[in-house]
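Structural description and commentary
If you want the building blocks of each chain, they are given just below.
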Amino acid sequence: MGPSRSFQNLLLLLLPLALALCSAAASGEASRRFWVENDTFWKDGAPFQIVGGDVHYFRIVPEYWKDRLLRAKALGLNTIQTYVPWNLHEPKPLSWEFKGFTDIESYLRLAHELDMLVMLRVGPYICGEWDLGGFPPWLLTIEPTIELRSSDSTYLSLIENEFGSFGDDKNYLHYLVEVARRYLGNDIMLYTTDGGAIGNLKNGTIPQDDVFAAVDFDTGSNPWPIFQLQKEYNLPGKSAPLSSEFYTGWLTHWGERIATTDASSTAKALKRILCRNGSAVLYMAHGGTNFGFYNGANTGQNESDYKADLTSYDYDAPIREYGDVHNAKYKALRRVIHECTGIPLLQLPSKIERASYGLVEVQKVASLFDVIHNISDTLKVAFSEQPLSMELMGQMFGFLLYTSEYQEKHSSSILSIPKVHDRAQVFVSCSLGDVRKPRYVGIVERWSSKTLQIPSLSCSSNVSLYILVENMGRVNYGPYIFDQKGILSSVEIDGIILRHWKMHPVSLNAVGNLSKLQLIMQMTDAEASKVSIYGDSENKSQDVSLYLNEGISEEPAFYEGHFHIDSESEKKDTFISFRGWNKGVAFVNNFNIGRFWPAIGPQCALYVPAPILKPGDNVIVIFELHSPNPELTIKLVKDPDFTCGQ
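Residues numbered from 1 in each chain as written. Predicted model: local features only at pLDDT ≥ 70, side-chain atom pairs only at ≥ 80, totals over all residues. Heavy atoms only, no water.

Going by the annotation in an unreviewed UniProt entry, the name recorded for the protein chain is beta-galactosidase, with Oryza barthii given as the source organism. Turning to the protein chain, the UniProt annotation filed under Subcellular location (unreviewed entry) states: "Secreted, Extracellular space, Apoplast". Per UniProt, the protein chain carries the Catalytic activity (unreviewed entry) text "Hydrolysis of terminal non-reducing beta-D-galactose residues in beta-D-galactosides." (UniProt positions renumbered as here; feature names shortened; annotations may be inferred.)

Once that is clear, we can look at the nonpolar core. A general tendency of soluble globular proteins is for nonpolar side chains to be buried together. If you look at the biggest cluster of nonpolar residues, it comprises 130 residues, and the most contacted ones within it are Phe-558 and Ile-634. With six residues, the single largest contributor to this core is helix H8 (residues 328-341). Residues lining this core come from more than one domain, with at least three contributed by each of domain 1 (353-366 + 514-519 + 552-645) and domain 2 (377-506). Setting aside chain neighbours within four positions, we find Ile-634 in contact with Gly-358, Leu-359, Val-360, Val-362, Ile-576, Ser-577, Phe-578, Trp-581, Ile-620 and Ile-622. Within the second largest apolar cluster, 29 residues are counted, among which are Met-390, Val-428, Val-491 and Trp-501. (Core = buried A, V, L, I, M, F, W, Y, C linked by side-chain atoms within 4.5 Å. Buried < 20%, exposed > 50% of the residue type's maximum accessible area, 1.4 Å probe, protein only. Helix = DSSP H or I, 4+ residues; strand = E, 2+ residues; numbered from the N terminus. Domains from an automatic or database assignment. Contact = heavy atoms within 4.5 Å.)

Moving on, we come to the UniProt feature "active site" (unreviewed entry) in the protein chain. UniProt feature "active site" (unreviewed entry): in the numbering of this structure it lies at Glu-162 and Glu-245. At 3.0 Å, the side chain of Glu-245 forms a polar contact with the side chain of Arg-121. (Polar contact = N/O pair within 3.5 Å; in protein donor to acceptor, adjacent residues only side chain to side chain.)

A word on the environment of Asp-131. Mapped onto the elements, Asp-131 comes out in the loop between strand E7 (117-121) and helix H4 (170-184). In this structure the C-alpha to C-alpha distance between Asp-131 and Asp-483, which are 352 residues apart in sequence, comes to 9.7 Å. Here Asp-131 is in contact with Asn-87, Phe-293, Tyr-294, Asn-295, Gly-296, Phe-397, Gly-473 and Arg-474, once residues within four sequence places are set aside. Reaching out from Asp-131, the side chain makes a polar contact with the backbone nitrogen of Arg-474 at a distance of 2.7 Å.

On to the pairing of strand E21 (residues 451-454), then. Burial of the side chains of E21 is restricted to one face: Leu-452 and Ile-454 are buried, whereas none of Thr-451 and Gln-453 on the reverse face is. In this structure, strand E17 (residues 413-416) lies alongside E21, joined through four bridges in antiparallel fashion. Each residue of the ladder has a partner; that of Ile-414, found in E21, is Gln-453. (Pairing = 2+ DSSP bridges.)

Glancing now at the sheet that holds strand E25 (residues 496-497). Strand order in this open sheet of four strands is E21-E17-E24-E25, and the pairing throughout is antiparallel. The sheet terminates laterally at E21 and E25, the two strands that pair on one side only.

Right, let's get into unusual backbone geometry. Note: most peptide bonds trans; most residues except glycine with negative phi. In the segment running from Tyr-283 into Met-284, the intervening peptide bond is cis, with an omega of 5 degrees. Among the secondary structure elements, Met-284 is positioned in strand E11 (residues 279-286). The step from His-421 to Asp-422 runs through a cis peptide bond, and the omega angle for that step is 15 degrees. One can find Asp-422 in the loop between strand E18 (420-421) and strand E19 (423-430). Positive phi outside glycine occurs at Asn-38, with the angle close to 55 degrees. Of note, Asn-38 is situated in the loop between strand E2 (34-37) and strand E3 (40-43).

On the basis of which strands lie adjacent, the open sheet formed by eight strands has the order E30-E29-E32-E27-E14-E33-E28-E31 and antiparallel pairing. If you trace the sheet from one side to the other, it starts and ends with strand E30 (591-596) and strand E31 (605-608), each paired once. Mean inter-strand twist for the sheet, computed between neighbouring axes without regard to direction, equals 25 degrees. Bridging between strand E14 (residues 358-367) and strand E27 (residues 557-565) involves five bridges; their strand directions are antiparallel. Within E27, the position partnered with Ala-366 by the bridge is Phe-558. (Axes fitted to C-alpha atoms, helices over the stretch in contact; angles between N-to-C directions.)

Per-residue pLDDT for the protein chain averages 87, and the proportion of residues at 70 or more is 86%. Here residues 2-30 is a poorly scored stretch, pLDDT under 50, and it has 102 contacts once near neighbours within four places are set aside; other chains count. With pLDDT under 50 throughout, residues 518-552 is counted as low confidence; its partners more than four residues away or in other chains account for 45 contacts. (pLDDT = per-residue confidence, 0-100.)

Take a look at the structure:
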């Protein structure tokens with residue numbers, strides 16, 4: 001991403017550096033060639049204008065890859081740009097993944113079949129609002145600590161991205177070019193992308209290595225003075241004007257209003273480039289979805305000024321998250337592309353049908369504390385004098401439960417966690433009491449106060465302390481990208497450091513089996529009537545065991561719902577509306593569709609592509625961190641909704 005109205009002062013939230021431009025149709029024939037000459041791109045002996053767009057294979061279910069590429073082609077694009085996220089392809093050291101979402105070869109073959117070129121952003125750093133900028137989090141466990149995006153020998157054999165907005169190590173860049181040529185050959189064209197300013201281009205370009213320098217800039221900028229500057233950082237005659245990230249929209253963080261850009265002004269900005277024979281790549285042509293735990297995050301003035309990205313990566317792109325092209329932005333950009341380039345207008349793809357499956361009742365399956373021993377791999381549970389990071393625990397994504405004990409004072413105590421990444425829920429119970437139903441105390445967040453008052457429980461024994469920490473997505477850009485998760489400092493009670501920690505990695509890999517555990521402790525109606533949903537002190541029971549259960553509505557718990565689809569033909573895209581819920585993660589048929597947080601918004605509903613569904617019974621499992629919708633229902637609706645928390 002790059003400069004925008006909302007990030008003028010940051011200037012350099014950019015995407016990759018060393019990129020590989022290759023033809024998916026290249027078959028080794030001498031006539032197949034792509035190069036730059038006379039400040040013009042040439043392909044197979046004829047001048048060529050790049051009209052491209054980012055369509056990321058890993059943000060789309062594979063069954064829809066061809067559909068989205070067809071919609072991009074109907075927009076008038078002749079080129080597709082995509083990242084290659086290292087963290088997806090090597091989730092563990094020397095453990096490689098190239099199936100399903102990671103089957104990049106099949107994706108490139110589809111582009112070839114559709115006669116589209118591919119601009120391949122090979123990484124390892126990609127930024128892209130993707131967890132840790134595409135770096136696998138196990139890099140954060142290497143000792144001694146490595147310096148990401150540097151000449152560190154630990155990963156010098158890998159290819160770097162968009163370095164000009166980050167550093168100026170020319171020896172490093174030369175080495176990266178050498179590695180790229182070694183693996184990718186000499187028949188492709190390498191290029192760099194940096195912001196259209198002198199400092200960025202000076203740091204990030206290496207024309208002497210025959211690496212083409214592209215630029216990006218705010219769509220409100222006049223492109224041609226920037227293209228003129230671009231010439232100074234390419235060899236003579238080797239500077240075809242290319243905006244390698246033309247912003248069709250922008251990203252959104254939780255707690256912000258959904259970012260939108262005007263269709264007509266976006267089209268007008270593109271026209272200024274294309275109608276003068278410049279080239280451009282739309283970022284994004286299709287945004288897609290940050291399924292699972294792969295959303296990234298940004299920071300402001302310091303690492304505590306933390307802003308996690310939404311599950312949706314719609315980006316207000318012309319091809320919407322759910323594939324819609326019948327919108328003003330798609331039509332406006334399509335007209336401009338045709339007017340400026342003469343690319344024939346292909347027939348618009350038909351609308352993708354969406355279904356409203358209606359209201360679904362859910363029931364509580366278990367609280368987290370009921371099943372923590374069943375969903376924690378006993379081989380991964382660890383003991384330590386001080387809290388360990390998630391990465392050192394092998395818990396690269398999701399949640400980690402920390403437990404310890406302290407001796408209670410007669411009055412309340414103050415809990416201090418100076419450094420938690422990213423959000424901690426705190427619970428307490430008497431160590432000899434009902435430890436399966438600890439009392440909710442409150443939240444400690446990375447971006448707010450790090451202290452919390454814990455009321456006295458009048459325990460006859462020590463107090464057990466439970467801290468559930470959520471990794472909300474690693475920082476993907478900037479000086480704080482080395483973003484370890486979990487409790488990263490000592491924990492103090494009234495100024496005394498707590499020791500002797502036990503840590504339970506929370507595995508959500510098989511949430512569909514939770515109901516089979518049958519471990520939930522059902523509350524009787526009489527008990528439930530005594531518990532105040534909002535912790536109203538007037539309704540507190542004096543019974544010690546019930547006192548410990550107070551605030552049970554705030555406990556992390558699993559809920560399950562079912563809905564039926566009659567036949568294969570009735571499988572359609574849908575959205576799960578979480579209005580009335582608080583914060584958590586949702587799974588459909590064991591597929592992690594992402595995080596929800598309607599309490600803060602703006603995203604209210606999560607996209608569910610039809611290929612995830614099946615004829616017959618479909619299972620939705622919700623891991624709610626606080627309190628569920630009081631009616632214990634969700635709704636499956638046709639349309640997205642970005643109006644929560646406003």
